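Structure assessment
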Amino acid sequence: MKRLITARELHVFLTPSEEERVWAEEVTDSDEHRIALLPALKSYQRMACSEGAQRAVPGG
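Here the structure is a predicted model, which means the values were calculated and not measured. (Residues numbered from 1 in each chain as written. Predicted model: local features only at pLDDT ≥ 70, side-chain atom pairs only at ≥ 80, totals over all residues. Heavy atoms only, no water.)

Across its full length, the chain holds 3 helices and 0 strands. When the elements of the chain are put in sequence order from the N terminus, they spell out α-α-α. Per-residue burial for the chain yields a buried fraction of 20% across its 60 residues. For the chain, the proportion of contacts with a sequence separation of at least 24, taken over those separated by at least 6, is 33%. (Helix = DSSP H or I, 4+ residues; strand = E, 2+ residues; numbered from the N terminus. Buried < 20%, exposed > 50% of the residue type's maximum accessible area, 1.4 Å probe, protein only. Contact = heavy atoms within 4.5 Å.)

Following this line, the structure appears as structure tokens:
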């Protein structure tokens, strides 16, 4: 059975680090693109972490 994620887990897993924010600024050309990229990055990292895979992005 799948459990719900807590507010603390959301904060811990989905808040980008300073390094990730800087990287996102470098690889995007607008706020809208950064807003789309950062949650995708954090979701990817969480999936890779839960599967035991190496992360191929900043902070990994």
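Before going further, it helps to spend a moment on the environment of Ala40. Tracing the backbone through its elements, the reader meets Ala40 in helix H3 (residues 31–50). Assessed through its relative accessible area of 44%, Ala40 is described here as partly exposed. A sequence separation of 26 residues divides Ala40 from Leu14, and the C-alpha atoms of the two residues are 9.4 Å apart.

Considering all chains together, one arrives at 4 salt bridges under this definition. In this structure, the salt-bridge partner of Glu9 is Arg3, at a minimum N-O distance of 2.6 Å. Residue classification places Arg3 among the exposed positions, given a relative accessible area of 57%. A salt bridge links Arg21 to Glu18; the shortest N-O distance between them is 3.1 Å. Separated by 3 residues within a single helix, Arg21 and Glu18 lie in helix H2 (residues 18–27), roughly one turn from each other. Of the residues examined, Arg21 reaches a relative accessible area of 34% and is grouped as partly exposed. (Salt bridge = Lys/Arg side-chain N within 4 Å of Asp/Glu carboxyl O.)

By the element assignment, Ser43 lies in helix H3. In this structure Ser43 comes out as partly exposed when scored by relative accessible area, which is 37%. It is 7.3 Å that separates the C-alpha atoms of Ser43 and Leu14, two residues lying 29 residues apart in sequence.

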